[in-house]
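Breakdown of the fold
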Amino acid sequence: MSASPRNRTVSRLRPFASTIFAEMTALAVEHDAINLGQGFPDTDGPVSMLDTARQAIADGLNQYPPGPGMPVLRHAVAADRLARYGLDHDPDSEVLVTVGATEAISAAILGLVEPGEEVLLIEPYYDSYAASVALAGAVRRTVPLVRSGESFAVDLDGLRDAVTSKTRMLVLNTPHNPTGTVFTREELEAIARLACAHDLLVLSDEVYEHLVFDGRTHTAIATLPGMYERTVSVSSAAKTFNVTGWKIGWACGPAELIDAVRTAKQYMSFVGGGPFQPAVAHALTHEQQWVRRLRDSLQTKRDVLYDALVAAGLEVRSGGGTYYLCADITGIGEHDGIEFCRNLPARIGVAGVPVSVFTDHPTKWKPLVRFAFCKQDQVLDEAARRLRALGKPGS
């Protein structure tokens, strides 16, 4: 009998060997459940964008694109940020195309944070942040969001208390995954003052920047006083144009910061997605009306899921933007989100994800579960019907 294989993964990465998404997706497949756990849409993006990608392939754009990204996309990203935020990026030195926002995040931390320096995260956090900090040999510090009415708010006092002489970077994510919270301008102004006072770099993950509801607006922190020179802003085509599989992202900021991001990025993937880059450039330039329709449709889908969760007896939190709603399961006598999510696909045929796995303080978040509503209407309607059954005896 052979011995069990040794775990040869380095210790700093062992906590990240598997993800909750893989586990919940496997359970969804096993039980033929509707997967509201992982945040990906099940419809395609604008037809003209897809046609542009097909034409690029046919035209032979199938080899390495330039290292910083194709000029047509870098110029489109710069023009988009100028039009929406008034930020005037040099497309040649201040815009970098990456293999999705996830690579941009990792490259920014690797390129700008020394081993042993501290990176401050607001929890719950997108799971790649913690892994990227570990890859860099840096130290992760976290400050939880606090509940505020039916939503969440930034614990500004907690952030101030968490900053030390070793703090190098603050990672900011708004609209926020996993809670769906859209940080207010007042919160961002307070964060900006903190960053300036302590000379912190800010990595701003804005991948859901277009997906804000109920008349809210997204404030790019780089527009606030003192922030342009210390901020790397990250976004992507994935959630804006329903192309999560294309992995086309970008990082924007002052040249000295983007140089550092590029230095790390070029040894991670070098380049990616050649024929998709002109297609995304086309969409940024010509398909903003499609994005507005997407936002409006997602707001309607959010309302469908919200009503179903409330009907089931769950307390719903946030919902100001993104693809997600978070629900507190204590109202139906449940207290452990991980156990609840592991049982849910077999129980009613729906999959979600427990929020506690995105935190360093899981007890605080134990009863919260995230559900994604970025699905076709008929799929979401059926998921809503099944979720309502949670409130019925014997469910």
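For the structure, see preceding data.
Described below are features of the structure shown in this document. Computed from a prediction, not measured in an experiment: that's the story for all the values here. Position numbers for residues count from 1 along each chain, tracking the sequence in the order it is written. At least 70 in pLDDT is required for a residue's local features to be given in this predicted model, at least 80 for side-chain atom pairs to be given and counted, and no such filter applies to totals for whole chains, interfaces and linings, which use all residues. Derived side-chain values reflect all non-hydrogen atoms in the structure, with water molecules and hydrogen atoms excluded from consideration.

Two side chains carrying opposite charge are able to pair once their charged atoms lie near each other. Salt bridges are defined by distance alone: a side-chain nitrogen of Lys or Arg within 4 Å of a carboxyl oxygen of Asp or Glu. Summed over all chains, the structure comprises 24 salt bridges. Here arginine 54 makes a salt bridge to aspartate 51, at a shortest N to O gap of 2.7 Å. Here the residue arginine 54 and the residue aspartate 51 both occupy positions in helix H2 (residues 47–58), the gap between them amounting to three residues, near one helical turn. Between arginine 262 and aspartate 259 there is a salt bridge, and its shortest N-O distance comes to 2.9 Å. Linking arginine 262 with aspartate 259, this pair stays in helix H8 (residues 255–265), spanning three residues, or about one helical turn. The cut-offs for exposure are 20% and 50% of the maximum accessible area for each residue type, with area from a 1.4 Å probe on protein chains only; residues under the lower value are buried, those over the upper are exposed, and the others partly exposed. With a relative accessible area of 17%, arginine 262 lands in the buried category. Taken together, the shared-partner salt bridges in this structure form one network comprising Asp214, Arg216, Arg302 and Asp303. For helices the rule is a DSSP run of H or I covering at least 4 residues; for strands it is a run of E covering at least 2, with both sets numbered from the N terminus onward.

Attention now moves to the packing of helix H4 (residues 100–112) against helix H5 (residues 127–135). Viewed as axis vectors pointing N to C, H4 and H5 meet at an angle of 35°, and their least axial separation amounts to 9 Å. Crossing hand, H4 versus H5: right-handed. Contacts from Thr102, Ile105, Ser106, Ile109 and Leu110 of H4 reach H5 at Ser128, Tyr129, Ser132, Val133 and Leu135. For helices, the fitted axis covers only the stretch in contact; all axes are lines through C-alpha atoms, and the angles between them, taken along N-to-C directions, range from 0 to 180 degrees. The sense of a crossing depends on the near helix, which, turned anticlockwise from the far helix by less than a right angle, makes the crossing left-handed and, turned clockwise, makes it right-handed. Between two residues, a contact is recorded if the distance between any of their heavy atoms is within 4.5 Å.

What follows is about the sheet that holds strand S14 (residues 353–354). Two strands qualify as a pair provided DSSP detects at least 2 bridges between them. Sheet architecture is open: four strands sit in the order S11-S12-S15-S14, paired in antiparallel fashion. Two strands bound the open sheet, and with one partner strand each, they are strand S11 (315–317) and S14. Bridge analysis of S11 against strand S12 (residues 324–328) gives three bridges, and the strand direction is antiparallel. Counted as the bridge partner of arginine 317 is cysteine 326 from S12. Running over the sheet, helix H11 (residues 337–348) touches S14 and strand S15 (368–372) and is turned about 40° from S15.

Relative to the assigned elements, serine 204 resides in strand S8 (residues 201–205). Not counting the four nearest positions on each side in its chain, serine 204 is found in contact with Leu172, Ile221, Thr231, Val232, Ser233 and Val234.

As a further point, take the pairing of S12. Most of S12 is tucked away, with five of its five residues classed as buried. Linking S11 back to S12 in an antiparallel pair, the connection comprises six residues, with serine 318 at a positive phi of about 65°. Relative to S15, S12 runs antiparallel, the two being bridged by five bridges. The residue of S15 that forms the bridge with alanine 327 is valine 369.

Lining residues are defined by having an atom within 4 Å of a point belonging to a cavity or pocket. Those points lie on a 1 Å grid over the protein atoms alone, cavities being sets where a 1.4 Å probe fits but cannot get out and pockets being open sets with protein on both sides within 12 Å along at least five of seven lines. Grid points are joined across faces, edges and corners, and a volume is the space filled by probe spheres set on the points. Estimates place the volume of the largest pocket at around 820 Å³. Phe21, Thr102, Tyr126, Asp127 and Ser128 are, among the 36 residues lining the largest pocket, the residues nearest its centre. Of all the secondary structure elements, the ones that give two or more residues to the lining of the largest pocket are helix H1 (20–30), H4 and H5. Any residue outside Ala, Val, Leu, Ile, Met, Phe, Trp, Tyr, Cys, Pro, Asp, Glu, Lys and Arg is labelled polar, Gly included; the first ten of those are nonpolar and the last four are charged. Along the lines of polarity and charge, the residues of the lining of the largest pocket split into 18 nonpolar, 11 polar and seven charged.

Let us now look at the packing of aromatic side chains. Put simply, two rings from Phe, Tyr or Trp (the six-membered ring, in Trp's case) pair if the centres are within 6.5 Å, and we call them stacked under 30 degrees between planes, edge-to-face over 60, tilted for the rest. Summed over the entire model, instances satisfying the criterion amount to 10 aromatic pairs. A centroid spacing of 5.5 Å and a plane angle of 75° characterise the contact between tyrosine 64 and phenylalanine 270, whose relative ring orientation is edge-to-face. Placement of the pair is tyrosine 64 in the loop between H2 and helix H3 (71–85) and phenylalanine 270 in the loop between H8 and helix H9 (276–286), with a sequence separation of 206 residues. Since its relative accessible area comes to 40%, phenylalanine 270 is described here as partly exposed. Both rings, one in tyrosine 323 and one in tyrosine 324, keep their centres 6.0 Å apart while their planes meet at 70°; by these two values the pair is edge-to-face. Every member of this aromatic cluster is reached through a ring pair, and the members are Tyr208, Tyr323 and Tyr324. Any Lys NZ or Arg CZ that is within 6 Å of a ring centre and within 35 degrees of that ring's normal is treated as a charge sitting over the ring. Over the ring of tryptophan 365 we find lysine 364, and its NZ or CZ is 5.7 Å from the ring centre. Across the ring face of tyrosine 324, the terminal group of arginine 370 is positioned such that the distance to the ring centre comes to 3.7 Å.

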